[in-house]
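One-letter residues, chain by chain:
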Amino acid sequence: MQKSTVYDPVDAEAKPNEWGAVRQVMRTRTPTLDELEIHVSTLNPGQSPHAPHQHQHEELLILTDGTLETFQSGTTRRVGPGGIIFQASNELHNVSNVGQAPATYYVIGWTVPGAPK
């Protein structure tokens, strides 16, 4: 059960992958959620972390650097630094880096008690 804490950006190591890198911050139960998951993704230019998909949990993406294009249930939008993307439950979505530099963004996802898995 996660209690109040602070995460230092250097505490978690970024793990390179085929599209960039991921730094896992936390993935655990909290007093009110079955799971709270936070990670930081760095997406290389022209890359997407996955094909469009959907899932039960909701999530926020907060872009700190670069330019993303987000696909959400048939609509495509561009997002720059400081932009926030909300992905609702069970809606088809993905992101792609459409800029010339790496795009870095925080992903915050949560699963509420009783939600179907």
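Look up: the structure comes first, before these words.
Here we summarise the structure given alongside this text. As the structure is a computational prediction, the values presented were derived from the model and not from experiment. In this numbering scheme, every chain counts its residues from 1 along its sequence in written order. Given that the model is predicted, a residue must reach a pLDDT of at least 70 before its local features are reported, and side-chain atom pairs must reach 80 or more before they are shown or counted; all residues, however, enter totals for whole chains, interfaces and linings. Hydrogens and water molecules were not included; the side-chain quantities draw on all heavy atoms of the structure.

### A closer look at the overall build of the chain
Part 1 of the argument: From N to C terminus, the chain includes zero helices and nine strands.
Part 2 of the argument: Note on method: radius of gyration uses C-alpha positions; expected globular size equals 2.2 Å times residues raised to 0.38. A compact globule built from 117 residues would reach a C-alpha radius of gyration of about 13 Å, and the chain, at 14 Å, matches this within 12%.
Part 3 of the argument: Counting only C-alpha atoms and orienting by the principal axes, one finds that the chain spans roughly 40 × 35 × 25 Å.
Part 4 of the argument: Out of the 117 residues belonging to the chain, those deemed buried represent 35%.
Part 5 of the argument: Only heavy atoms matter for contacts: two residues are in contact if any of them lie within 4.5 Å across the pair. Considering only intrachain contacts with a sequence separation of at least 6, the fraction spanning at least 24 residues in the chain is 65%.
Part 6 of the argument: About 6,800 Å² of surface is accessible on the chain, with carbon and sulfur atoms providing 53% of the total.
Part 7 of the argument: Under this rule, positive means Lys or Arg and negative means Asp or Glu; His and the chain ends count for nothing. A charge is said to be at NZ when it belongs to Lys, at CZ for Arg, at CG for Asp and at CD for Glu. Where the 8 positive side-chain charges of the chain centre and where its 12 negative ones centre are 4 Å apart. Strands are runs of DSSP state E lasting at least 2 residues, helices are runs of H or I lasting at least 4, and numbering of each runs from the N terminus. Relative accessible area decides the class of each residue, using a 1.4 Å probe on protein chains only: under 20% of the type maximum gives buried, over 50% gives exposed, and in between gives partly exposed. Here the accessible surface of atoms and residues is derived via Shrake-Rupley with a 1.4 Å probe, and residues count as covered only by protein chains that are part of the display.

### Details of the sheet that holds strand 7 (residues 84-87)
Part 1 of the argument: Pairing between two strands is assigned when DSSP locates at least 2 bridges connecting them. The strand order across the open sheet formed by six strands is 1-2-3-9-4-7, and the pairing between neighbours is antiparallel. The open sheet terminates on both sides in strands that have one partner only, identified here as strand 1 (15-17) and strand 7. Between one strand axis and the next, the sheet turns by 25 degrees as a mean value, whatever way the strands run.
Part 2 of the argument: Here strand 2 (residues 20-28) pairs with strand 3 (residues 35-43) via eight bridges, running antiparallel. Note on strand 3: the bridge partner recorded for Arg27 is Glu37. Note on geometry: axes are C-alpha line fits, over the in-contact stretch for helices, and angles between N-to-C directions span 0 to 180 degrees.

### Here's the deal with the pairing of strand 2
Part 1 of the argument: With three bridges connecting them, strand 1 and strand 2 associate as antiparallel partners. Note that in strand 2 the partner of Asn17 across the bridge is Gly20.
Part 2 of the argument: If you look at the hairpin formed by strand 1 and strand 2, you'll find two residues sitting between the two strands.
Part 3 of the argument: Connecting strand 2 to the next strand, strand 3, in antiparallel fashion are six residues.

### Focus on the environment of Glu91
Part 1 of the argument: Its location among the elements puts Glu91 in the loop between strand 7 and strand 8 (93-97).
Part 2 of the argument: On the accessibility criterion, Glu91 (37% relative accessible area) is partly exposed.
Part 3 of the argument: C-alpha of Glu91 to C-alpha of Val112: the two residues are 21 residues apart in sequence and 17 Å apart in space.
Part 4 of the argument: Ignoring anything within four residues of it in the chain, the contact list for Glu91 reads His53, Gln54 and Ser73.

### Section: the pattern of salt bridges
Part 1 of the argument: We define a salt bridge as a contact between a side-chain nitrogen of Lys or Arg and a carboxyl oxygen of Asp or Glu at a distance within 4 Å. The full count for this structure, using the stated rule, is three salt bridges.
Part 2 of the argument: Between Glu35 and Arg27 there is a salt bridge whose closest N-O contact spans 3.3 Å.
Part 3 of the argument: Here Asp34 ties to Arg29 by a salt bridge, and the two come within 3.2 Å at their closest N and O atoms.
Part 4 of the argument: Accessibility expressed as a relative area gives 22% for Asp34, which makes it partly exposed.

### A short note on the nonpolar core
Part 1 of the argument: Core analysis: the largest hydrophobic core is formed by 12 residues, namely Trp19, Val22, Leu43, Leu61, Leu63, Leu68, Val79, Ile85, Val95, Ala103, Tyr105 and Val107.
Part 2 of the argument: If you list the elements that add at least two residues to this core, you get strand 4 (58-65) and strand 9 (103-111).
Part 3 of the argument: Among the elements that take part in this core, strand 9 stands out by supplying three residues, more than any other.
Part 4 of the argument: Not counting residues up to four positions away in its chain, the partners in contact with Val79 are Leu63, Gly66, Thr67, Leu68, Thr70, Ile84 and Ile85. Think of a nonpolar core as a cluster: buried Ala, Val, Leu, Ile, Met, Phe, Trp, Tyr and Cys residues, connected wherever their side-chain atoms sit within 4.5 Å.

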